[in-house]
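The lines below spell out each chain.
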Amino acid sequence: PPRSTLFPYTTLFRSGFKLGYGTKNNFFDLMLFKAFDKRSSLKDTISTNRVLPEENFVVGFNTFQRITKHFSFDINAATSIYTYNTSSEDSIPLEFDKTVKNLIETFIKLRSSTQVQAAASADFSMVYPNFSLQAQYRIIQPYYRSMGIAMFLSDLQSIMVSPSFSFFKHKIQFTNSFQTQHDNLNKYKIYTTHRNIINSTLSVNPNNTFGIDITYSGFNLDQKKNQLKAADSTRLAQQSNTITIMPRLMFVKQNFSDVVSLATSFTNINNKVSVQDPIKTTNFYTTLTNIINLAKSGWSFTAGVNYNAAKSAGIELISTGGVLGIAKGFFNNRLSVSNNTTVLSNKSNGNNIGKTISSDLQMNVEVKHRHHFTIGGNYTQSPANGIYNQTDFTLYRLEVGYQYSF
């Protein structure tokens, strides 16, 4: 099949081998993969000059080990030997032991355009009834590439730890995730970009009627110089913090349910396009929604009010409005039709700038319990506000879908 993004292309051959030993709880797999372009498939001079035939050999392993019912780990690692031009006959000057080089050249010839890169991941899991801990490590060397993968992120090292707790028969739960990552593993870039990400959620559900979720999300990006000639004026730095509080009331009967929810969120972003010119953005959002479902008749009603206040670069935007929705199920809910419409009145620095209108209509049809057809549309109109969009825009969208359930 075609692999190159250019118009001419070569014929690509792939082959793989996998040998595994063990059970579903304890196993080890060895994997070999090879792919190459057939040089003779380039017939004309233009293609020969524009497309270079490539070759790839990958060796890797995957192991999963469950030590006890509470502990397990999973490790994946691979080394990819990638040649970017097999037309070149000159050998590679890489420092390989002669025995290792002879073994490698049993599968792929080492040339001057050959690169050797590795990638690995390790996952650790500890699970108890009221406590769990997940840990993850990733490392992908710069320019890691394989013909067996369509797209792959490279030049990355990351560590993530996710502890979780629960109390009082899971009525109170803490879910947390802490991640740190950076690039520039070979120190060739002028800057090394560091990212730190925190996500924490406290969920309290004392009974079936009341519940509340409190979520905090933090993101920090910073670049550190690796060369003295690097200019501070181009160094990126960004920090954002978001706190979301969502209490809810649920009244559920046999043929009736009523859910009242409040979502309030505050976000503070300090985006330094350059360290000398920071841009600060704040956003406060709250919405009160009431959803009523009448199971026997198939009707559902939604009503809500919204308030949003955002401020950035001397522009203060305030939007107020509401949402109305209605849905109806027919023929034992095999056919359902729904509509939701949101209208917001916008003010920029105290001046009216128009309304934002968004309305969608959707129909779902189930045929013989396995076939599902969906057709829907959306209309959105929004004025320029200087924060979310710089110009007026109108959007029309039509979606048609089909789903088959096994």
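The structure displayed is predicted, hence computed values, not measured ones.

Colleague: Before we go on, may I ask you to explain the overall build of the chain in this structure?
Modeller: A tally of regular secondary structure across the chain gives two helices and 19 strands. Taken across its 406 residues, the chain has 29% of its residues classed as buried. Taking the contacts inside the chain whose residues are at least 6 apart along the sequence as the reference set, 50% of them involve residues at least 24 apart.

Colleague: I tried to follow the confidence of the model for the chain on my own but got confused; where do I start?
Modeller: In low-pLDDT segments, the atomic positions of the prediction should not be examined closely. Counting all residues, the mean pLDDT for the chain is 86, and 89% of those residues have values of 70 or more. Least confident of the elements in the chain is helix α1 (residues 45–50), whose mean pLDDT is 62; most confident is strand β6 (residues 131–140), at 96. Here residues 1–9 scores under 50 on pLDDT; set against residues more than four positions off or in separate chains, the count is 19 contacts.

Colleague: Before we go on, may I ask you to explain unusual backbone geometry in this structure?
Modeller: In this model, Tyr143 sits at a positive phi of 65 degrees, which is unusual for a non-glycine residue. Its place among the elements puts Tyr143 in the loop between β6 and β7 (156–167). Overall, Tyr143 belongs to the exposed group, its relative accessible area being 56%. Here Asp155, not a glycine, exhibits a phi torsion of approximately 55 degrees, which is positive. You can see Asp155 is positioned in the loop between β6 and β7.

Colleague: Before we go on, may I ask you to explain the layout of surface pockets in this structure?
Modeller: Over the atoms a probe the size of a water molecule is rolled, and this reveals where empty space is left. Within this model, the largest pocket holds a volume of roughly 290 Å³. What lines the largest pocket is a set of 19 residues, among which Ala77, Ala78, Tyr144, Ile149 and Phe152 lie closest to the centre. Every element with two or more residues in the lining of the largest pocket is listed here: β2 (26–38), β3 (55–66), β4 (71–83), β5 (114–128) and β6.

Colleague: How should I be thinking about the environment of Thr289 in this particular structure?
Modeller: In this fold, Thr289 is placed in strand β13 (residues 278–294). Thr289 sits in the buried class, given a relative accessible area of 16%. Linking Thr289 and Arg248, residues 41 residues apart in sequence, is a C-alpha distance of 9.5 Å.

Colleague: Can you walk me through the environment of Phe57 in this structure?
Modeller: With respect to the element layout, Phe57 can be found in strand β3. Since its relative accessible area comes to 7%, Phe57 is described here as buried. Ignoring anything within four residues of it in the chain, the contact list for Phe57 reads Leu32, Phe33, Lys34, Thr79, Ser80, Ile81, Phe107 and Ile108.

Thresholds, definitions, all that
Here the residue numbers are simple positions, counted from 1 along each chain's written sequence. Local features are withheld for residues below a pLDDT of 70 in this predicted model, meaning they are given only at 70 or higher, and side-chain atom pairs are given and counted only at 80 or more; totals for whole chains, interfaces and linings count all residues. Note that the side-chain values use all heavy atoms of the structure and ignore hydrogens as well as water. Under the scheme used here, helices are H or I runs from DSSP no shorter than 4 residues and strands are E runs no shorter than 2 residues, and both carry numbers assigned from the N terminus. Only protein chains enter the accessibility calculation, which uses a 1.4 Å probe. A residue is then buried if its area is under 20% of the maximum for its type, exposed if over 50%, and partly exposed in between. In what follows, a contact means two residues having at least one pair of non-hydrogen atoms within 4.5 Å. For every residue, the predictor assigns a confidence score, pLDDT, that lies between 0 and 100. Using a 1 Å grid laid over the protein atoms alone, points where a 1.4 Å probe fits but cannot get out form a cavity; open sets with protein on both sides within 12 Å along at least 5 of 7 lines form a pocket; any residue with an atom within 4 Å of a point counts as lining. Grid points are joined across faces, edges and corners, and a volume is the space filled by probe spheres set on the points.

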